[in-house]
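Spelled out, the chains give:
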Amino acid sequence: MVNEVKKIEETLEEVIDSYPAKSMKNRKEHIVIRDTSQDKQKIMANTRTIPGIISNRGCCFAGCQGVVLGPLKDVVHIVHGPIGCCYYTWGMRRNQAVVGENEKNFLNFSFSTDMQDSDIVFGGEKKLEQAIDEAMEIFNPGTIMITATCPVGLIGDDIHAVARRAQEKYGISVMAFSCEGYKGVSQSAGHHIANNELMEHLVGKKEIELEAEYPINLMGEYNIGGDAFEIERVLGKIGYKIIATFSGNGSAEAIMSAHEADLNLVQCHRSINYIAEMFREKYGVPWLKVNFLGVDQTIKSLRDMAKYFGDEKLIQRTEAVIAEELAAVEQSLAMYQDLLEGKTAFLFVGGSRAHHYQNVFKRIGIDTVVAGYEFGHRDDYEGREVIPDIKMTADDRNIPELEVEKDEQRYHLRLSKEKMEELAKEIPLNNYEGMIKEMEDGTIAIDDLNHHEQVKLTKILKPDIYCSGIKDKYTSHKMGVFSKQLHSYDYSGPYAMFKGHVNFARDVANGILSPTWGYINPPWKKEAGLEGNYGGDY
Ligand code: SF4
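Here the structure is a predicted model, which is why all the values come from computation and not from measurement. By convention here, each chain's residues receive numbers from 1 onward along its written sequence. This being a predicted model, a pLDDT of at least 70 is required before a residue's local features are given, and a value of 80 or more before pairs of side-chain atoms are given or counted; all residues contribute to the totals for chains, interfaces and linings. The basis for the side-chain values is all heavy atoms of the structure; hydrogens and waters are excluded.

## Section: the overall build of the protein chain
Test applied: Each helix is a run of DSSP H or I of at least 4 residues and each strand a run of E of at least 2, with the numbering of both proceeding from the N terminus. Think of it in three bands: residues with accessible area under 20% of the maximum for their type are buried, residues over 50% are exposed, and the middle band is partly exposed, with areas taken using a 1.4 Å probe on protein chains only. Residue contacts are defined here by distance: any two heavy atoms, one from each residue, within 4.5 Å place the two residues in contact. Note on areas: Shrake-Rupley with a 1.4 Å probe; residue coverage comes only from the protein chains shown.
Along the backbone of the protein chain there are 20 helices and 14 strands. In terms of overall dimensions, the protein chain has a C-alpha envelope of 70 × 65 × 45 Å along the principal axes. The buried share of the protein chain, reckoned over its 538 residues, is 57%. In the protein chain, 76% of the contacts between residues at least 6 apart in sequence involve partners at least 24 apart. Carbon and sulfur atoms make up 50% of the accessible area of the protein chain, which amounts to about 23,000 Å² in all.

And the structure:
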């Protein structure tokens, strides 16, 4: 193992060799080579990208509107800003939802105030008011969410005042989010802003008659490629009642009653841990870290959930459903494992997926050689125990901390203190261990990867698959390495749970084993007199 780490260290030296000294020092702190002989391994995260470096990150607005709010189906989402920012609506994700008989669904639309030069000079509030009037006239929604883009903050439009006036005028819920793109260091700031407003303005607004035995909320699940549909199917089969999903296939209406749940499941820790913690403080609802990507992690999460409720009937039902679902996929997974054994993967995805997908790959014979987050914080890498050590920066202070207090009428402990302590030793209750601890020796954890590092590492490590988002997908393809988007699934999916794992294995096998890669032959290699350089010339 020592030799292997040494070899990887040399690789990294080669990657960061071209940086000026100050940048090199900075980037070194964002890269860790996993070494289990060390007690703790520290990584730098959630700091500003070095100016001049091409980052693969998204902006604060992208995190707020594009990730957390966008999937809510019964909401008219008005993007207040120039039309280009609307890329972070349908351009980035295809939000999907199943709609009940009396439910409204506006997911087919993107709404923007389309700010022009004159709005930047004279202010855009009137235009926003007009957009709300039009939305009311045509669609008559129960909730409108206004998200701010960079120019809105720069010229000082008061979107909160506009929202208040519209709320009074129409008697519906109109919420404003000050999530201008430049706030924070990445899309992570936008998640925090969205979480605060949802907690303050929606959660707890509606009581429901609850007869279900195991009421839960699904948090940090965004229904990419229909994942939430598959999760809902399996959890429903076991007997769980999902009150609200934050926010894939979710609705503002359902979120209003989310405080009635007995457990919150946290899938993507980074984007939703704020709400999960606030639920504990305000209503006494604990959270459990789950992972429904990959059969092994799904089975673990389902068993953890059953353990939390501790009901023999639920435990038996869980095992029966696991056996049934597993039997349907085992043969296919074994076939894909035979095809893919020994391949390697490079993951640079979001705030939890780079962790979650390592297990998905492992089950089909693929080892992860590099994994990193676009917008993770240190706790996403190292575990929540490091939170007290994380120093506040000016960027963090840009995002107002929402102080919640115990709701005296609705707060109650779902389990006794003793039972919670006992369970916390066995299952990840109110805890996340982070990505690094599960990584194998000699693998690389890298924060805020940039295009230079992506290209260099790909050339040296020669992964068989690169998983990331749209900004770097084609860099990888141009280098002859198959790339799969894990932010949108390239219009495939679902990949969650049991059947989803087979879908993923099929797509990965089709991509890696495609003969296409053998046909990459640029013109300068065929025609005399032409000269050129091919990015992945190896
Ligand atoms: S950085 Fe600003 S201008 Fe660019 S997409 Fe985000 S909000 Fe819009």
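## Concerning the packing of aromatic side chains
Put simply, the rule is: Two rings from Phe, Tyr or Trp (for Trp, the six-membered ring) form a pair when their centres are within 6.5 Å of each other. A pair whose planes differ by under 30 degrees is stacked, one over 60 is edge-to-face, and the rest are tilted. Either the NZ atom of lysine or the CZ atom of arginine qualifies as a charge over a ring when it sits within 6 Å of the ring centre and within 35 degrees of the ring normal.
Taken as a whole, this structure holds 18 aromatic pairs when the rule is applied. Where Y214 meets F309, the ring centres are 5.4 Å apart and the plane angle is 70°; that geometry is what we call edge-to-face. Taken together, the residues Y214 in strand β6 (residues 214-221) and F309 in helix α12 (residues 295-309) connect sequence positions 95 residues apart. The class for Y214 is buried, based on a relative accessible area of 6%. We classify F309 as buried; its relative accessible area is 19%. With centroids separated by 4.2 Å and ring planes inclined at 35°, the aromatic side chains of Y489 and Y495 adopt a geometry described as tilted. By relative accessible area, Y489 is classed as buried at 0%. In this structure an aromatic cluster arises from ring pairing among Y357, F361, Y489, Y495 and F504. Above the ring of Y432, the side-chain terminus of K289 is found at 5.0 Å from the ring centroid. K406 extends its terminal NZ or CZ atom over the ring of Y411, reaching a point 4.6 Å from the ring centre.

## Remarks on the UniProt feature "domain: Nitrogenase/oxidoreductase component" (unreviewed entry) in the protein chain
Applied cut-off: UniProt positions are given in the numbering used here, feature names are shortened, and annotations may be inferred rather than shown by experiment.
If you check UniProt for "domain: Nitrogenase/oxidoreductase component" (unreviewed entry), the listed places come out as residues 59-512 in our numbering. Span residues 59-512 is 44% helix and 14% strand, its end C-alpha atoms 31 Å apart.

## Re the sheet that holds strand β4 (residues 143-148)
To be explicit about the condition: The pairing criterion is simple: DSSP has to find at least two bridges between the two strands. Axis lines are fitted to C-alpha atoms, over the contacting stretch for helices. Their N-to-C directions set the angle, which ranges from 0 to 180 degrees.
Strand order across the open sheet formed by four strands is β3-β2-β4-β5, with parallel pairing between neighbours. Strands at the two margins of the open sheet, each flanked by one partner only, are β3 (111-112) and β5 (173-177). Relative to β3, strand β2 (residues 75-80) is paired through two bridges, and the arrangement is parallel. Paired with I78 across the two strands is F111, which belongs to β3. Against the sheet, helix α5 (residues 125-139) touches β2, β3 and β4, its axis set at about 155° to β2. Seen against the sheet, helix α7 (residues 159-170) touches β2, β4 and β5 and runs at an angle of roughly 175° to β5.

## With respect to empty space enclosed by the protein
Basically, it comes down to this: Lining residues are those with an atom within 4 Å of a point, where the points come from a 1 Å grid over the protein atoms alone and group into cavities, where a 1.4 Å probe fits but cannot get out, or pockets, open sets with protein on both sides within 12 Å along at least five of seven lines. Grid points are joined across faces, edges and corners, and a volume is the space filled by probe spheres set on the points. Only Asp, Glu, Lys and Arg are considered charged, only Ala, Val, Leu, Ile, Met, Phe, Trp, Tyr, Cys and Pro nonpolar, and every remaining residue, Gly among them, polar.
Evaluation of the coordinates by the stated rule reveals three cavities of 30 Å³ or more. Considered as a void within the structure, the largest cavity measures approximately 120 Å³ in volume. Considering the residues around the largest cavity, the lining is formed by 14 residues, among which Q65, H77, T89, F109 and S110 are closest to the centre. Per-class residue counts for the lining of the largest cavity are eight nonpolar, six polar and no charged. Its volume calculated, the second largest cavity comes out at about 60 Å³. Lining the second largest cavity are N26, R27, H30, R48, T49, I50, I53, S55, D448, L449 and N450. Here the residues of the lining of the second largest cavity sort into three nonpolar, five polar and three charged.

## Comments concerning the pattern of salt bridges
Think of it this way: side chains of opposite charge can pair up when their charged atoms draw near. Put simply, the rule is: Basic side-chain nitrogens of Lys or Arg form a salt bridge, by our definition, when they fall within 4 Å of a carboxyl oxygen of Asp or Glu.
As enumerated under the stated definition, the model contains 38 salt bridges in all. Linking K362 and D367 is a salt bridge whose minimum nitrogen-to-oxygen distance equals 3.5 Å. Look at K362 and you get partly exposed, because its relative accessible area is 43%. Residue D367 is classed as partly exposed on the basis of its relative accessible area, which comes to 37%. The partner of E385 in a salt bridge is K437, and the shortest N-O contact between them spans 3.2 Å. Of the two residues, E385 sits in the loop between α15 (378-382) and α16 (394-397) while K437 sits in the loop between α17 (417-424) and β12 (444-446), which places them 52 residues apart along the sequence.

## Brief notes about the nonpolar core
Put simply, the test is: Take the buried residues of types Ala, Val, Leu, Ile, Met, Phe, Trp, Tyr and Cys, join any two whose side-chain atoms come within 4.5 Å, and each joined set is a nonpolar core.
Formed by 117 residues in total, the largest nonpolar core has its most connected members in L235 and F246. Each residue touching L235, except ones within four places of it in the same chain, is listed here: I216, Y240, I242, L265, F292, L302, M305 and M497. Counting 21 residues, the second-largest nonpolar core is a separate cluster that includes I78, A163, A166 and A176.

## Structural notes on the site of the ligand
Selection criterion: By convention in this text, a residue qualifies as near a molecule or strand provided that one of its non-hydrogen atoms is within 4 Å of it.
Neighbouring residues of the ligand: C59, F61, C85, Y88, T149, C150 and G181. Residue composition of the shell around the ligand, grouped by class: five nonpolar, two polar and no charged.

## Describing the pairing of strand β11 (residues 367-372)
This is how it is decided: By definition, the crossover connecting two strands over a helix is right-handed if that path, from the first strand to the second, turns clockwise as seen with the strands pointing away from the viewer.
Buried residues dominate β11, accounting for five of its six residues. Relative to β11, strand β10 (residues 344-348) is paired through five bridges, and the arrangement is parallel. The partner of A345 across the bridge, within β11, is T368. Handedness of the β10-helix α14 (residues 353-363)-β11 crossover: right-handed.

## Re the environment of V370
Residue position: V370 is located in strand β11. The exposure class assigned to V370 is buried, which follows from its relative accessible area of 0%. Taking C-alpha positions, V370 is 9.2 Å from T344, a pair spaced 26 residues apart along the chain. In this view, V370 contacts A345, F346, L347, I444, I446 and L461; residues no more than four positions away in its chain are not counted.

## Overview of the pairing of strand β14 (residues 482-485)
Alternating residues of β14 divide into F482 and K484 and S483 and Q485, and every residue in both groups is buried. Alignment of strand β13 (residues 465-468) against β14, held across four bridges, turns out to be parallel. Bridge pairing in β14 places C467 opposite K484. Between β13 and its parallel partner β14, the chain crosses via helix α19 (residues 470-478), and the hand of that crossover is right-handed.

## Some thoughts on the side chain of S257
Mapped onto the elements, S257 comes out in the loop between α10 (252-255) and β8 (263-266). Of the residues examined, S257 reaches a relative accessible area of 3% and is grouped as buried. The residues touching S257, leaving out its near neighbours within four places in the chain, are K206, I208 and I243.

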